[in-house]
Amino acid sequence: MSTVPLVSVIIPTYNRAPWVKEAAASVLAQTFRDYELLVVDDGSTDHTLEALVRLEAKVLRKARRQGVSAARNLGAAAARGEWLAFLDSDDLWLPEKLARQVDYLSAHPHLAICQTEEIWIRNGVRVNPPKTHRKAAGDIFLASLKRCMVSPSAVMLHRRLFEALGGFDETLPAGEDYDLWLRTAWRAPVGLVPEPLVIKRGGHPDQLSRQRGLDRFRIRALVKLLEEPDLPEAYKNAAQRTLAQKCQIYAQGCEKRGKTAEAREYRAISYKL
């Protein structure tokens, strides 16, 4: 292994001691060896540190919880590798994951980001991802407007691209991945390794994607996106249509829960578009 690793792997975690130990072990089992592993403990109050003590990983600990975006950004700032790969602490990698991506990026030197396919596990049972979540390659911006089309656990991107984008938005408690990949997708094509090399585990209650009102954070991401001065006109028009739709849907949900003032706020946004 070289003194400076080619890839830096970053695992953010909060109160997932048994899960993060398994996630880290799946990284340490990679056939590709030119990497470093950084685990960022976002102020856990369980036995996370004890779970990691015997693993070959650099552990960064935050004194208080600041969210997954801040944890990922801290890991990226401490990373030494040319390429960054993220792994959520409830997911796993198959042993060839890094090797396949490094080979793919070597064969496609114009790319600064790629991801792999995934195996989905829900409550311990393998399930088929919906067709709407089928991954694409190349210009994925329009598809990314409706839903997040890049998985943090499956992605590898160049450090320069991550830094140019400013990393994950630490003001978003959820939907931070939707935000970053939207900002990425209008600037750069996204490559795809068509093999399922990530095990995406879901169904547990602390998943950010299960958070109530997730669409309001996606709405914030779209509002921010539309402030980008160089966003191409066709992309801007599509983003405005998506924003209007999401505001209307969110407003309907607010009305059903009796939150009429919040509903008016989001309908007002849609009417301005």
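Source: prediction; values computed, not measured.

A.B. asks: Honestly, the packing of helix 9 (residues 233-256) against helix 10 (residues 260-271) in this entry has me stumped. Any pointers?
C.D. replies: The geometry of a pair of packed helices is captured by two quantities: the angle between their axes and the separation between those axes. Contact pair helix 9 / helix 10: the axes reach a minimum separation of 8 Å and the direction vectors enclose 165°. With respect to helix 10, the element helix 9 is oriented roughly antiparallel. Here helix 9 and helix 10 pass one another in a crossing that is left-handed. Facing helix 9, whose interface residues are L243, A244, C247, Q248, Y250, A251, Q252, C254 and E255, helix 10 presents E262, A263, Y266, R267, I269, S270 and Y271. Residue composition of the contact of helix 9 with helix 10, grouped by class: 10 nonpolar, three polar and three charged.

A.B. asks: In this structure, what is going on with the side chain of E228? I would like to understand it.
C.D. replies: Here E228 lies in the loop between helix 8 (214-225) and helix 9. Residue E228 is classed as buried on the basis of its relative accessible area, which comes to 17%. A polar contact of 2.6 Å, which involves the side chain of E228, links it to the side chain of R187. In this structure, E228 is in contact with R183, W186 and R187, ignoring residues within four places of it in sequence.

A.B. asks: In this structure, what is going on with the packing of aromatic side chains? I would like to understand it.
C.D. replies: Note on aromatic pairs: each is described by the distance of the centres and the angle between the planes. Under the counting rule described, the total for this entry stands at six aromatic pairs. Aromatic pair F86 and F162: ring centres 5.7 Å apart, planes at 40°, arrangement tilted. In this pair, F86 is assigned in strand 4 (residues 83-86) and F162 in helix 6 (residues 159-165), connecting sequence segments 76 residues apart. Taken as a pair, F86 and F162 share a single burial class, namely buried. Put simply, the rings of F86, F162, F168 and W181 pair up and form one aromatic cluster. The cationic tip of R218 hangs over the ring face of Y178; the distance from NZ or CZ to the ring centre is 5.5 Å.

A.B. asks: What is the right way to look at the pairing of strand 9 (residues 191-202) in this model?
C.D. replies: One face of the sheet, then the other: side chains in a regular strand alternate in exactly this way. Across two bridges, strand 5 (residues 92-93) lies against strand 9 in antiparallel orientation. Bridge pairing in strand 9 links W93 to V198.

A.B. asks: Explanation requested: the nonpolar core in the structure shown.
C.D. replies: Nonpolar side chains in soluble globular proteins tend to end up buried together. Counting residues in hydrophobic clusters, the biggest one holds 45 residues, and the most contacted among them are F141, W181 and L225. Per element, the largest residue contribution to this core is eight residues, and it comes from helix 9. Leave out the neighbours within four places in its chain, and W181 touches I113, C148, V150, P152, V155, L157 and F168. V9, L87, W93 and A154 belong to the second largest nonpolar core, which has 29 residues in total.

Basis of the calculations
Residues numbered from 1 in each chain as written. Predicted model: local features only at pLDDT ≥ 70, side-chain atom pairs only at ≥ 80, totals over all residues. Heavy atoms only, no water. Axes fitted to C-alpha atoms, helices over the stretch in contact; angles between N-to-C directions. Helix = DSSP H or I, 4+ residues; strand = E, 2+ residues; numbered from the N terminus. Parallel < 35°, antiparallel > 145°, perpendicular 65-115°, else oblique. Left-handed = near helix turned anticlockwise from the far one by under 90°. Contact = heavy atoms within 4.5 Å. Nonpolar A, V, L, I, M, F, W, Y, C, P; charged D, E, K, R; others polar. Buried < 20%, exposed > 50% of the residue type's maximum accessible area, 1.4 Å probe, protein only. Polar contact = N/O pair within 3.5 Å; in protein donor to acceptor, adjacent residues only side chain to side chain. Phe/Tyr/Trp six-rings, centres within 6.5 Å; stacked < 30°, edge-to-face > 60°. Lys NZ or Arg CZ within 6 Å of the ring centre and 35° of its normal. Pairing = 2+ DSSP bridges. Core = buried A, V, L, I, M, F, W, Y, C linked by side-chain atoms within 4.5 Å.

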